[in-house]
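# Coordinate analysis (summary)
The primary structure of each chain is shown beneath.
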Amino acid sequence: MACGGKSSLDGVPLEGFSDQQRDYLQQLIEQLDLAAVYKAPEAAPSGAPLTVFGTPLEDLSKEEHLKLEEHPWELFPKLERHAAEDRMPEGGDVFMFKHHGLFNVAPAMPGFMCRLRIPGCKMRGDQMIGLAEIAERLAGGYAHVTTRGNLQLREIPPKHILDLVTGLYDLGLTSKGSGADSVRNITCNPTAGFDPQEIIDLSPQAIQLHQHILHTPSLHGIPRKFNVAFDGGGRVSAVADTNDIGFVATRATIDGEERVLCKILLGGITGHLDFARDSGFACTPEQTVDVTVAMIRVFIEHGDRTNRKKARLKYLLDDWGLEKFTRQAEKRLGFDLIRTDGVAMQPRPDIDRQGHIGVHPQGDGDQYYAGIALPMGRLNPEQMRELGGIAQAYGSNDIRLTVWQNLIIPGIRPADLDDAIAKIRAVGLDVSASSFASGVVACTGRFGCKFASAHTKEHGSDLVAYLQERVTLDQPINIHLTGCSHSCAQHYIGDIGLLGASTEDGREAYQVYLGGGSDHNQGIARHLCGPVAAEQLPGFIESIVQIYLDQRETNESFLSFTRRHDEQALQTLFLDAPVEAKPNLAEVV
């Protein structure tokens, strides 16, 4: 493509850009054939403004300017320099490094946090053993399982980032595209492939999509983060309705023939009070990857690049509607999507809310999987090595991570169960947990996140220890603790949701929400009260749970109990009862 000189690009003025920036833009357009993107329409008069997908440069957010100046995948020389100089990124580089999964989390803690990609929530035992060595040698000596069935390493000195990235590649893992404006870790049912009730194993599609995105530069640096989940209908949910795109397998009857289809859910972002909505369309499991890529490309071309708060898919859908968006994606496909109007579809099979913990029979013969409880999702290197070794010796070298921050080892033969469980317990872990411990989820919190207002993992541990000593449950109550409004632990979908806050005198505290759920129990939790000081939170939550147990109908779940009361009734029930029923109530409300 011919260049019109230093002051223009195909006749489009480039005033305001340095010579280096102009040269870079010209090279980028020539190399990636982005002429249709980074120039005015050919019919436009000379002097028309340079645009990015129709948005004038001067209207772009600062993050969009950073991505325009330097594609995320061209940062590696900069990583090399920072490693050589043992130097953390500053300014715009803090944002750009996130595209490689490297987060400068100062001042919360020193060094980088590195978020990996574990597609389909599937990894191998030998990979877990290798990560133990990396965590010990290059990071802070621990790992956290995330709420996207993923892993994070922390306290990584900048001088170690090249060794870290190389070590991940050697293990068949990567951190590329795990942060900033990327398609984040692609999730699936953690029991996919061996779940006794699943309709279809969708983990191959999740992994294929991961590989496609990882090796397609134009699918990186998108308008904002993007989440995709595949739910094959297993006993353990993938929580697909909290994702930008969720595929949910279903058995459908079309023209008298039973087929397996994937319903397409769009626009989930519970931190913004919205679940993914049924688009009214479906596709075959084999088509899900192509459908996802087409929809991401529509988002790339039409997502908001001016206002970061409105740049998620939800807001494009709010503007366009589901029909227009889906039809735009369909134009990029070589096939028609299936309208679900009038199609007989069976409901999704039931979900076992505690199916991610404990020993359970598999659907693939005389084998079992062991769901292992991890305290607040944390693992030390000794535990990582032992779990990896158990997966190799007693399983099929297979480990699954879950969005509930624990992990599963499948493929254990009956004769090996006792030995495997004994080894799990020998490193301080277990396959059993109380109804509180099995349902608690917490983000990193103030321990490692500069946005958090509270130490969520520490408070979550204290809360569970307090409750399980005083209250016995016959069914789970999920508690989600999140440190800030980003809602990484999705407090709006917990039976009890806790959002980090502070008291007037500066103490760590929480806003309290009740009655959230996903899948069959879909609903946004309602605000009860707050801020509740962290030191008084255990007694207050105990009082809520005890009132529920005293006044519920026979076998009524906590969710059903809270939802059959309106907000005023909940206030009266939990806040206006006699003080002796609620320890320290006067101080926490």
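Shown above is the structure to which this text applies.
Residues numbered from 1 in each chain as written. Predicted model: local features only at pLDDT ≥ 70, side-chain atom pairs only at ≥ 80, totals over all residues. Heavy atoms only, no water.

## Focus on the overall build of the protein chain
Counting its regular elements, the protein chain contains 17 helices and 26 strands. Taken over 589 residues, the protein chain has a buried fraction of 60%. Contacts in the protein chain between residues at least 24 apart in sequence constitute 67% of all its contacts with a sequence separation of at least 6. Carbon and sulfur atoms make up 47% of the accessible area of the protein chain, which totals about 23000 Å². (Helix = DSSP H or I, 4+ residues; strand = E, 2+ residues; numbered from the N terminus. Buried < 20%, exposed > 50% of the residue type's maximum accessible area, 1.4 Å probe, protein only. Contact = heavy atoms within 4.5 Å. Areas by Shrake-Rupley, 256 points an atom, 1.4 Å probe, with all protein chains shown as cover.)

## Quick word on empty space enclosed by the protein
Scanning the entire structure with this criterion turns up 1 cavity of 30 Å³ or more. A volume near 30 Å³ is recorded for the largest cavity. Taken together, Cys121, Cys188, Pro190, Ser237, Ala238, Leu401, Thr402, Val403 and Trp404 form the lining of the largest cavity. The residue inventory of the lining of the largest cavity, partitioned by class, reads 7 nonpolar, 2 polar and no charged. (1 Å grid on protein atoms, 1.4 Å probe; cavity = no way out; pocket = protein on both sides within 12 Å on 5 of 7 lines; lining within 4 Å. Points joined across faces, edges and corners; volume = space filled by probe spheres on them. Nonpolar A, V, L, I, M, F, W, Y, C, P; charged D, E, K, R; others polar.)

## A word on helix α16 (residues 567–575)
Of all the residues in α16, the buried ones are Leu570, Leu573, Phe574 and Leu575. One side of α16 carries all its buried residues, which in axial view fall inside an arc of 160 degrees. The residue sitting at the N-terminus of α16 and contributing the capping side-chain oxygen is Asp566; that oxygen lies 3.2 Å from the backbone nitrogen of Gln568. (Arc of directions from axis to C-beta. Polar contact = N/O pair within 3.5 Å; in protein donor to acceptor, adjacent residues only side chain to side chain.)

## Looking at the pairing of strand β6 (residues 112–115)
Covered by surrounding structure in β6 are Phe112 and Cys114 together with Met113 and Arg115, the residues of both alternating faces. Summarising the sheet, β6 and strand β9 (residues 151–156) pair through 3 bridges and their orientation is antiparallel. Its bridge partner lying in β9, Cys114 is registered against Leu153. (Pairing = 2+ DSSP bridges.)

## Some thoughts on the nonpolar core
Residues Leu131 and Leu407 are the most contacted members of the largest nonpolar core, which totals 48 residues. For this core, the leading source of residues is helix α5 (residues 125–138), giving 6 residues. Not counting the four nearest positions on each side in its chain, Leu131 is found in contact with Leu116, Met123, Leu151, Leu168, Leu171, Leu173 and Met384. With 40 residues, the next largest nonpolar core counts Leu219, Phe247, Ile264 and Leu337 among its residues. (Core = buried A, V, L, I, M, F, W, Y, C linked by side-chain atoms within 4.5 Å.)

## What about the pattern of salt bridges?
Inspection of the entire model under this criterion finds 32 salt bridges. Notably, a salt bridge pairs Lys78 with Glu70, separated by 3.1 Å at the nearest N-O pair. The class for Glu70 is buried, based on a relative accessible area of 19%. Residues Asp318 and Lys314 are paired through a salt bridge, measuring 3.0 Å at the closest nitrogen-oxygen approach. Placement of both Asp318 and Lys314 in helix α9 (residues 313–320) is noted, with a separation of 4 residues, approximately one turn of the helix. The exposure class assigned to Lys314 is buried, which follows from its relative accessible area of 10%. (Salt bridge = Lys/Arg side-chain N within 4 Å of Asp/Glu carboxyl O.)

## Here we look at the environment of Phe561
Note on placement: Phe561 falls in helix α15 (residues 558–563). Distance from Phe561 to Leu549, taken between C-alpha atoms, is 9.6 Å for residues 12 residues apart in sequence. Apart from the residues within four sequence positions on either side, Phe561 is in contact with Ile547, Tyr548, Gln551, Arg552, Glu556, Leu573 and Phe574.

## Focus on the packing of α9 against helix α10 (residues 322–331)
Orientation of α9 relative to α10, taken along the N-to-C sense of each, is 110 degrees, at an axis distance of 6 Å. Here α9 is positioned roughly perpendicular relative to α10, judged by the angle of their axes. On the side of α9, the interface is formed by Leu313, Leu316, Leu317 and Trp320, while α10 contributes Leu322, Lys324, Phe325 and Gln328. (Axes fitted to C-alpha atoms, helices over the stretch in contact; angles between N-to-C directions. Parallel < 35°, antiparallel > 145°, perpendicular 65-115°, else oblique.)

## Side note on the pairing of strand β24 (residues 496–502)
When you tally the buried positions in β24, you get 6 out of 7 residues, the bulk of the element. Inspection of the sheet shows strand β23 (residues 479–482) paired to β24 by 4 bridges, in the parallel sense. Directly across from Leu481, in β24, lies its bridge partner Leu498. Here β24 runs beside strand β25 (residues 508–514); their pairing, made up of 7 bridges, is antiparallel. For Ala501, the partnering residue across the bridge sits in β25 and is Ala509. Joining the antiparallel neighbours β24 and β25 is a turn of 5 residues, in which Gly506 adopts a positive phi near 90 degrees.

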